[in-house]
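# Architecture and fold: a report
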Amino acid sequence: MISKKTQYGLKALSFMAQREQQGPILIAEISSEKNIPIKFLEAILLDLKKAGLLDSKKGKGGGYYFAIPPAGIKVATVIRILDGPIALLPCASLNFYKKCEDCDEITCGLNHIMKEVRDASLSILENRTITDIAFT
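Residues numbered from 1 in each chain as written. Predicted model: local features only at pLDDT ≥ 70, side-chain atom pairs only at ≥ 80, totals over all residues. Heavy atoms only, no water.

## Remarks on the overall build of the protein
For the protein, the count of helices and strands is six helices and two strands. When the helices and strands of the protein are listed from N to C terminus, the series reads α-α-α-β-β-α-α-α. For the C-alpha atoms alone, the extent of the protein along its principal axes is close to 60 × 25 × 25 Å. For the protein, with 136 residues in total, the buried portion stands at 36%. Sequence separation of 24 or more characterises 58% of the internal contacts of the protein that already satisfy a separation of 6 or more. Here the protein displays about 8,000 Å² of accessible surface, and carbon together with sulfur accounts for 56% of that area. With 18 positive and 15 negative side-chain charges, the protein shows a spacing of 8 Å between the two charge centroids. (Helix = DSSP H or I, 4+ residues; strand = E, 2+ residues; numbered from the N terminus. Buried < 20%, exposed > 50% of the residue type's maximum accessible area, 1.4 Å probe, protein only. Contact = heavy atoms within 4.5 Å. Areas by Shrake-Rupley, 256 points an atom, 1.4 Å probe, with all protein chains shown as cover. Lys, Arg positive; Asp, Glu negative; His and termini not counted. Charge placed at Lys NZ, Arg CZ, Asp CG, Glu CD.)

## Observations regarding the nonpolar core
Judged by nonpolar contacts, the single largest core of 29 residues is most densely connected at L45, L48 and V78. For this core, the secondary-structure elements that each account for two or more residues are α1 (4-18), α2 (27-34), α3 (38-50), β2 (63-66), α4 (75-83) and α6 (130-134). A per-element tally of this core places α1 first, with seven residues. Residues within four places of L45 in sequence aside, it is in contact with A12, I27, I30, L54 and Y64. (Core = buried A, V, L, I, M, F, W, Y, C linked by side-chain atoms within 4.5 Å.)

## Topic: the state of the cysteines
Counted under the stated rule, the structure contains zero disulfides. The closest cysteine sulfur to the non-disulfide-bonded C91 is located on C100, 3.5 Å from its own sulfur. (Disulfide = S-S within 2.5 Å.)

## Section: the pattern of salt bridges
Under the definition given, this model contains five salt bridges. Two residues, K74 and E126, come together in a salt bridge whose shortest N-O distance is 3.6 Å. Note that K74 is positioned in the loop between β2 and α4 and E126 in the loop between α5 (109-125) and α6, a separation of 52 residues in sequence. Under the relative-accessibility criterion, E126 is labelled partly exposed at 23%. Of the charged contacts, one joins D119 and R118 as a salt bridge, the two residues approaching to 2.8 Å between their closest N and O atoms. When its relative accessible area of 39% is taken as the criterion, D119 is described as partly exposed. Taking the relative accessible area as the measure of exposure, R118 reaches 10% and is therefore buried. (Salt bridge = Lys/Arg side-chain N within 4 Å of Asp/Glu carboxyl O.)

## What about the pairing of β2?
Across four bridges, the pairing between strand β1 (residues 54-57) and β2 is antiparallel. The residue of β2 that forms the bridge with L54 is F66. The antiparallel pairing of β1 with β2 creates a hairpin that spans five residues between the two strands, and G59 there sits at a positive phi of about 85°. (Pairing = 2+ DSSP bridges.)

Here it is in structure tokens:
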């Protein structure tokens with residue numbers, strides 16, 4: 001399962017994509033429209049800004065906006081930024097790999113199955129973008 005943080009992040013990005021032509025969007029507007037606690041949303045958007053997906057402008061007409069077009073932001077990227085690995089086991093992860101202490105990956109059937117699950121999930125998540133979420 002993805003965390004509430006990632007769910008809120010994807011909802012916020014989807015909302016922003018729908019309103020992208022209107023310029024920077026205030027956190028308060030996203031929070032109100034998507035029913036996301038504002039303090040939690042601030043932390044989420046800051047993480048996405050640090051990762052280079054968003055940027056912000058202060059002052060009148062300020063708010064958050066996309067640093068990368070929403071069509072170029074993969075759902076898998078957002079999940080990794082906000083939740084970490086997509087794989088269900090660390091030994092099956094591509095980007096967050098960690099060897100299990102108590103098994104041999106070569107003969108571990110669970111490892112092989114979890115890699116299949118990871119690959120199936122990635123085949124979807126790497127081919128869907130924020131635009132797909134926003135306009136489906």
